[in-house]
Amino acid sequence: MITIYIDNKPHQVKSGQNLLQACLSLGFDLPYFCWHPALHAIGACRQCAVKQFKDDKDMRGRIIMSCMTPVAEGMRISVDDAEATAFRKGVLEWLMLNHPHDCPVCDEGGECHLQDMTVMTGHTGRRTRFKKRTHRNQHLGPFINHEMNRCIQCYRCVRYYRDYAGGRDLNVFSAHDHVYFGRHEDGALESEFSGNLVEICPTGVFTDKTLKQHYARKWDLQTAPSICVHCGLGCNTIAGERYGTLRRILNRYHHEVNGYFLCDRGRFGYEFVNSGKRIRTPLALSPLSLSGSGQGEGDLQPVEKASALGHIAEVLSSSKGVIGIGSPRASLESNYALRSLVGPDNFYSGMSGPDHRLLSLIIDIRQKGPARSPSLRDVRMADAIVVLGEDLTNTAPLLALSLRQAVRGKEFEAAEKLKIPQWHDAGVRNAGQGARYPLYIASPERTRLDDIALKTWHGLPDDIARLGFAIAHELDPSAPDADGLDEETALFAREIASSLKGARQPLVISGTSLFNESIIQAAANIATALCAGGRDAALCYAVPECNSMGLGIMGGRNLDEAFTVMDDDLVDTVIILENDLYRRADGGKVQAFLDRAQHVIVIDHIMTQTASRAGIVLPAGTFAESSGTLVNNESRAQRFYPVFVPPGDIQAGWKWIHAIMSAAGRTEADRIKSLDGVTTAMSTALPLLAPVGDIAPPADFRVKGSKVPRQPHRYSGRTSMRADVSVSEEKPPEDADTSLAFSMEGSEEQPPASLISRYWSPRWNSVQALNKYQQEVGGELRGNGPGKRLIEPEPHGKPVYFTVDPSRSSQEIDGSTAPIYHLFGSEELSGYSPAIEERASTRNRDKPE
């Protein structure tokens, strides 16, 4: 730490920062536009000016740009100096010369960084009268709305899109003083991370087109902390609601996971919550009968909740046997509640045999292997990477984005040798000249990361596994070798091994997408060999769904075994939790399974093919309407919360199961009647899940005696929302399961990180208010990030390797074939979002050449 003086007061700051970052971290309100913690400094906007003095005797000083000035011991500056303040006000006036004064109709109004900085600098009126420069707006696809007239030429958009995310179809076009940011022609933005432009842009040039379809101002949105449900990475999000519909998803910063960004599926796939295919009331085949609850023998009709629960209770008491089928897209709490209802021996994970075996293998490797499981931030620190079998942009998109930052580490290394600070973006790029750390990709076909890979190699799944085993053998001759490799492949394995061996933080990435056990084992062998050689190796596995890892840790038998139990006539009733079995197994097998079941009870939020075959269907809450815990690919357990109370009988899956147990007179129902109760019971029954009880504050947590408000303090329309019913404001709904309130009442003091539902601070209404929530700008949240990792690596001992079996692929998927995935279309829930559906129709255009 070093000491600098700001307006004659000493402050301790971290060395190596630029002055802007140091001032913001100290809590000073210093305006800026072009700078961003993830993009670093380029000094384009001139808005962050301060005055620097030589020493305490210097009364004149000089204007400097704080984002381009490194902190130094004894440095003296002034933020409030009159000349610096006037300079900043003048710069803002220049930027506003051609900016339209359309805040009341701008989608960004009320959460606009430009608005905040205008007020902060004191610019309050125009001194010029002339026709403003105007531009033609572009159609950029279903995600992003374009309004070029609002641009202030900060260059953030192209720096993010091209330099950070690797996109190529958005650029800057200019002639004289006409600068245009857009595509060379109208069309959907091709990058899978284009939605982050919404938060990167400090004005209203790029805004959320899906929000525009059902617009609400930021101060009128009820928000809650949540977790993305569209892949296994566990990105943190903020869900926003108005009038009982989910309006948008914003990024929720997590230093170790997603940082500042989301993928487009995670940002725009939320509209399945508002889908017309939602199940909103209990449904049953009429009449209800103990002799058989249907399976496609008629139309499902709405029934009273009490009637449905009473009938289910009768079914459970008279049934020959009951099994429960869980789901990797349901929370830990809902899966555990179902396990409690049917008993551990009758609980089935809902994953297919191949998926179940692969997840069990990964968890076993995690528990017994020496390699650490990296967070996405750890991935960004890697200096040599090999990817076996995964097309990460389509199966784990933020992991792919992290790899783009990892390979750039070579440029930072070159800059460090020249004593150029990491925050100096142009200096780092000039010093590095595009140098990259080695990334090797072995996959069935070309991927969207091939452009940054040192080398790529294409082969079938079994061939990829052989390559992996050969790499491990090159690293440690005691590791089993793969026989029969051609000379070219053997040389490639040797090259990869050499790069990994020479790295400080080597990274091995694999996953379940190719349904091949041998690939997963080969990746484990490589990581084990690196650890045996004294390297700090990380082993990252991509998993398919938001709670695949959590369900794998919980255990249970696979779906194929459930089919066998039903075929053997050992049971006649099945309860299916948030799972469409037709997506998990052969349709004929699922059909036969459901036909043999006398009673099929489904708890889900979407009318899937499986739900349509049920005798009774209960409406479950989505992530936006319920609370629970999800475990991501690195085994980090994280909590999500309801953003609104759904209408009618919709409720969390675990609440439905509690209601069933209560209706059936089960004494153990009391143990799972609250969220804290479920997590406590689960932590006791399953020791590996014990930390889940500590990942978030309990329901009785309070800040200054009050719950944490979901609504901002300027929330409006509380009476007009219900004017058609009553002119009086009704009592806000109670949330007995969390420490969040469906109200604007409560303290605006920063809550624990897991309860942050929005970013706001006096004078900071945009997402840039995040700066006020961090220990230092760009660093950890105060109190550290939410969630806890459940599995940590074992201490290094004698290396244990998997033996080579070049054809250990799934029995259902031949090792000579390979499934192909796409970000828009391969995942179940986002497919119900109109914007994702439209974007999926253009995906063939986006395939790499």
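Caption draft 1: The pairing of strand β7 (residues 171-175), seen in detail. Where β7 and strand β8 (residues 178-182) come together, five bridges link them in antiparallel fashion. If you follow Phe173 over to β8, its bridge partner there is Tyr180. Once β7 ends, the chain turns through two residues before running back antiparallel as β8, passing His176 with a positive phi of about 60°.

Caption draft 2: How the structure looks around the sheet that holds strand β10 (residues 222-227). Spatially, the three strands line up as an open sheet ordered β10-β11-β12, and their pairing is antiparallel. Two strands bound the open sheet, and with one partner strand each, they are β10 and β12 (245-251). Strand-to-strand twist of the sheet, defined as the mean angle between neighbouring strand axes without regard to direction, takes the value 30°. Sheet analysis places β10 next to strand β11 (residues 236-242), joined by six bridges and oriented antiparallel. Along β11, the bridge assignment pairs Ser226 with Thr237.

Caption draft 3: Highlighting the layout of surface pockets. Quantified by volume, the largest pocket comes out at close to 1,500 Å³. Pro37, His40, Met381, Phe412 and Gln422 are, among the 50 residues lining the largest pocket, the residues nearest its centre. Of all the elements, helix α13 (residues 397-407) adds the most residues to the lining of the largest pocket, at five residues. Each residue belonging to the lining of the largest pocket can be placed in one class, and the counts come to 19 nonpolar, 16 polar and 15 charged. Roughly 740 Å³ of volume is contained in the second largest pocket. If you go around the second largest pocket, you meet 33 residues; those closest to its centre are Asp355, Phe515, Pro544, Glu545 and Tyr821. For the lining of the second largest pocket, the elements supplying multiple residues, two or more each, are α10 (353-368) and α12 (392-395). Its residues assigned to classes, the lining of the second largest pocket shows 15 nonpolar, seven polar and eleven charged.

Caption draft 4: Seen up close, the packing of helix α14 (residues 409-417) against helix α15 (residues 425-432). At their nearest, the axes of α14 and α15 sit 8 Å apart, and the two run at 95° to each other. With respect to α15, the axis of α14 lies roughly perpendicular. Residues Glu411, Phe412, Ala414 and Ala415 of α14 lie in contact with α15, whose contacting residues are Val428, Arg429, Ala431 and Gly432. Residue composition of the contact of α14 with α15, by class: five nonpolar, one polar and two charged.

Caption draft 5: A look at the sheet that holds strand β1 (residues 2-6). Within the open sheet, the five strands sit side by side as β2-β1-β5-β3-β4. Their pairing is mixed. What marks the edges here is a single partner per strand, and that holds for β2 (9-13) and β4 (62-65). Sheet twist, expressed as the average angle between the axes of neighbouring strands with direction ignored, equals 40°. Pairing of strand β3 (residues 49-53) with strand β5 (residues 76-78), which is carried by three bridges, proceeds in the antiparallel orientation. Within β5, the position partnered with Phe53 by the bridge is Arg76. Where helix α2 (residues 82-96) meets the sheet, it contacts β3, β4 and β5, and its direction lies at approximately 155° from that of β3.

Caption draft 6: Expanded view of the packing of helix α9 (residues 332-342) against helix α23 (residues 675-685). Between α9 and α23, the shortest axis-to-axis distance is 10 Å and the interhelical angle comes to 70°. Classified by the angle their axes make, α9 and α23 are roughly perpendicular. When the axes of α9 and α23 are compared, the crossing they make is left-handed. When α9 is examined against α23, the residues Leu332, Glu333 and Tyr336 are found in contact with a partner set consisting of Leu675, Val678, Thr679, Ala681, Met682 and Ala685. Of the residues contributing to the contact of α9 with α23, the split by class is seven nonpolar, one polar and one charged.

Caption draft 7: Spotlight on the packing of aromatic side chains. Applying the stated rule across the entire model yields 15 aromatic pairs. Ring geometry for Phe272 against Phe623: centres 5.9 Å apart, planes inclined by 45°, an arrangement best described as tilted. One end of the pair, Phe272, is in the loop between α7 (264-268) and β13 (283-285); the other, Phe623, is in the loop between β24 (616-619) and β25 (628-631), and 351 residues separate them in sequence. Since its relative accessible area comes to 1%, Phe272 is described here as buried. For Phe623, a relative accessible area of 9% translates into the label buried. Among the aromatic residues, ring-to-ring pairing joins Tyr160, Tyr164, Tyr253, Tyr260 and Phe261 into one connected group. The positively charged end of Arg242 is found above the aromatic ring belonging to Tyr243, 5.0 Å away from the centroid. Lys305 extends its terminal NZ or CZ atom over the ring of Trp656, reaching a point 5.3 Å from the ring centre.

Quick notes on the rules
Residues numbered from 1 in each chain as written. Predicted model: local features only at pLDDT ≥ 70, side-chain atom pairs only at ≥ 80, totals over all residues. Heavy atoms only, no water. Pairing = 2+ DSSP bridges. Helix = DSSP H or I, 4+ residues; strand = E, 2+ residues; numbered from the N terminus. Axes fitted to C-alpha atoms, helices over the stretch in contact; angles between N-to-C directions. 1 Å grid on protein atoms, 1.4 Å probe; cavity = no way out; pocket = protein on both sides within 12 Å on 5 of 7 lines; lining within 4 Å. Points joined across faces, edges and corners; volume = space filled by probe spheres on them. Nonpolar A, V, L, I, M, F, W, Y, C, P; charged D, E, K, R; others polar. Parallel < 35°, antiparallel > 145°, perpendicular 65-115°, else oblique. Contact = heavy atoms within 4.5 Å. Left-handed = near helix turned anticlockwise from the far one by under 90°. Phe/Tyr/Trp six-rings, centres within 6.5 Å; stacked < 30°, edge-to-face > 60°. Buried < 20%, exposed > 50% of the residue type's maximum accessible area, 1.4 Å probe, protein only. Lys NZ or Arg CZ within 6 Å of the ring centre and 35° of its normal.

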